[in-house]
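Residue-level listing of the chains:
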Amino acid sequence: MAKKFDKDSFSGTLIVVLAVSLICSVIVAGAVVGLKPIQEKQKLQDKQGYILSVAGLMDKNTDIGKTFAERIEQRVVDLATGEYVKDAPKDFSARVAAKDPAQSIRIKPEDDLAGIKSRAKYTEVYLVKGEDGKIGQIILPMHGNGLWSVMYGFVAIQPDGNTINGITYYEQGETPGLGGEIGNPLWQQKFVGKKLFDGQGKLALHVGKGAGSDKEHGVDALSGASLTSKGVQGSFAYWFGENGYIPYLNKLKSAGAQ
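Here the structure is a predicted model, which is why all the values come from computation and not from measurement.

Draft legend 1. Geometry of the sheet that holds strand β5 (residues 135-145). Taken in spatial order, the five strands make up an open sheet running β1-β4-β5-β6-β7, and their pairing is antiparallel. Since the sheet does not close on itself, it has two edges, and those belong to β1 (72-78) and β7 (164-171), each with one partner. Pairs of neighbouring strands in the sheet enclose a mean axial angle of 25 degrees, with direction left out of account. Here strand β6 (residues 150-157) pairs with β7 via six bridges, running antiparallel. If you follow phenylalanine 154 over to β7, its bridge partner there is threonine 168. Contacting β1 and β4 (122-129), helix α2 (residues 64-71) runs over the sheet at an angle of about 60 degrees to β1. Each of β5, β6 and β7 touches helix α5 (residues 226-239); the most contacted strand, β5, lies at about 125 degrees to it.

Draft legend 2. Focus on the UniProt feature "modified residue: FMN phosphoryl serine" (unreviewed entry) in the protein. As annotated by UniProt and renumbered to match this structure, "modified residue: FMN phosphoryl serine" (unreviewed entry) occupies Ser226. For serine 226, the location among the structural elements is in helix α5.

Draft legend 3. Inspection of the nonpolar core at higher detail. Ranked by internal contacts, the top residues of the largest apolar core, which has 37 residues, are Phe191, Phe236 and Phe240. The set of elements that each furnish at least two residues to this core consists of β4, β5, β6, β7, α5 and α6 (246-255). In contact with phenylalanine 240, other than residues within four places in its own chain, are Leu140, Met142, Val155, Leu196, Phe197, Leu203, Tyr245, Ile246 and Leu249. Ile51, Val54, Phe68 and Ile72 belong to the second-largest nonpolar core, a separate cluster that totals 13 residues.

Draft legend 4. Expanded view of the pattern of salt bridges. Per the stated rule, a full pass over the model turns up five salt bridges. Close ionic contact of glutamate 70 with lysine 66 constitutes a salt bridge, the shortest N to O distance being 2.9 Å. Here the residue glutamate 70 and the residue lysine 66 both occupy positions in helix α2, the gap between them amounting to four residues, near one helical turn. Residue glutamate 70 is classed as partly exposed on the basis of its relative accessible area of 44%. Judged by its relative accessible area of 49%, lysine 66 is partly exposed. With its nearest N and O atoms 3.4 Å apart, the salt bridge here joins glutamate 73 to arginine 75. Judged by its relative accessible area of 26%, arginine 75 falls in the partly exposed class.

Draft legend 5. Molecular detail of the environment of glycine 193. Within the secondary structure, glycine 193 is located in the loop between α4 (185-188) and β8 (206-208). Residues glycine 193 and glycine 166, 27 residues apart in the sequence, show an inter-C-alpha distance of 7.9 Å. Apart from residues lying up to four places away in sequence, glycine 193 is in contact with Thr163 and Ile164.

Draft legend 6. Quick look at unusual backbone geometry. The phi dihedral of aspartate 87 falls on the positive side, at around 60 degrees, and the residue is not glycine. Residue placement: aspartate 87 occurs in the loop between β1 and α3 (94-97). The backbone of lysine 117 shows a phi angle near 70 degrees, a positive value even though the residue is not glycine. Structurally, the position occupied by lysine 117 is in the loop between β2 (104-106) and β3 (118-120). Using a relative accessible area of 54% as the deciding quantity, one classes lysine 117 as exposed.

Draft legend 7. Just the layout of surface pockets, in detail. As a volume, the largest pocket reaches approximately 1100 Å³. Looking at the largest pocket, it is lined by 41 residues, and the ones nearest its centre are Lys47, Ser93, Ala94, Arg95 and Glu124. Within the residue set of the lining of the largest pocket, elements represented by two or more residues are α1 (10-54), α3, β3, β4, β5, β6 and β7. By residue number, the principal contributor to the lining of the largest pocket is α1, which donates eight residues. Its residues assigned to classes, the lining of the largest pocket shows 21 nonpolar, nine polar and eleven charged. Considered as a void within the structure, the second largest pocket measures approximately 220 Å³ in volume. If you trace the second largest pocket, you find it lined by Ser53, Val54, Asn165, Gly166, Ile167, Thr168, Gly183, Pro185, Gln188, Gln189 and Val192. Those elements giving two or more residues to the lining of the second largest pocket turn out to be α1, β7 and α4. The biggest single contributor to the lining of the second largest pocket is β7, with four residues. Of the residues that constitute the lining of the second largest pocket, the class distribution is four nonpolar, seven polar and no charged.

Rules of the game
- Residues numbered from 1 in each chain as written.
- Predicted model: local features only at pLDDT ≥ 70, side-chain atom pairs only at ≥ 80, totals over all residues.
- Heavy atoms only, no water.
- Pairing = 2+ DSSP bridges.
- Helix = DSSP H or I, 4+ residues; strand = E, 2+ residues; numbered from the N terminus.
- Axes fitted to C-alpha atoms, helices over the stretch in contact; angles between N-to-C directions.
- Contact = heavy atoms within 4.5 Å.
- UniProt positions renumbered as here; feature names shortened; annotations may be inferred.
- Core = buried A, V, L, I, M, F, W, Y, C linked by side-chain atoms within 4.5 Å.
- Buried < 20%, exposed > 50% of the residue type's maximum accessible area, 1.4 Å probe, protein only.
- Salt bridge = Lys/Arg side-chain N within 4 Å of Asp/Glu carboxyl O.
- 1 Å grid on protein atoms, 1.4 Å probe; cavity = no way out; pocket = protein on both sides within 12 Å on 5 of 7 lines; lining within 4 Å.
- Points joined across faces, edges and corners; volume = space filled by probe spheres on them.
- Nonpolar A, V, L, I, M, F, W, Y, C, P; charged D, E, K, R; others polar.

Next comes the structure, spelled out in structure tokens:
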């Protein structure tokens, strides 16, 4: 005669606990797999929304997917040459490529003004088309270390490769109310109309205490967040330097954004 299962015994309790744990694990794993496409779609939509926002094309009624498809053209640029990469994958991600030794470069410490240690060889850029189909601005990704986090943002510039149309930070973990104010549209607005470079082509944009008195190139640092502001300055210094977008911007100036 088979022995009756005693769920109240030690072994019975252990079997029940293990069975429940296994069932829960299967349910959680299934939920993760099932929700991943939804999460990826939302992540893409969020990114597109930030790009449209910095381009001045976003409001509460904007159909993000439709507007992005109609007005934004994504291209991939070889940062070393400034040339567009032919046949680049549509889903190319510089953030993913930066983690792959074959697709990235180590930055020399003396050149690492953004404190990021390495970067992808290629990066996405976004060409913003006007209603006439002509390129009206270019949106460039930028990231660098702040006080507590890597700060990821976009900078929109005019086809002259010099005038800033807007900036936004879409991912950062700086101190709320202090460095976290880099996400405040009122502070970001201070960059609009500023020139990146001086007449000799050298980076002139500077973020610092009292810098706003320079109407052409200066932006006041965030109050009480000197290290975060220094990180913003370092990000501009790297990405708009010879190791960043200079080769690409030089080609824009000489040949246009087409």
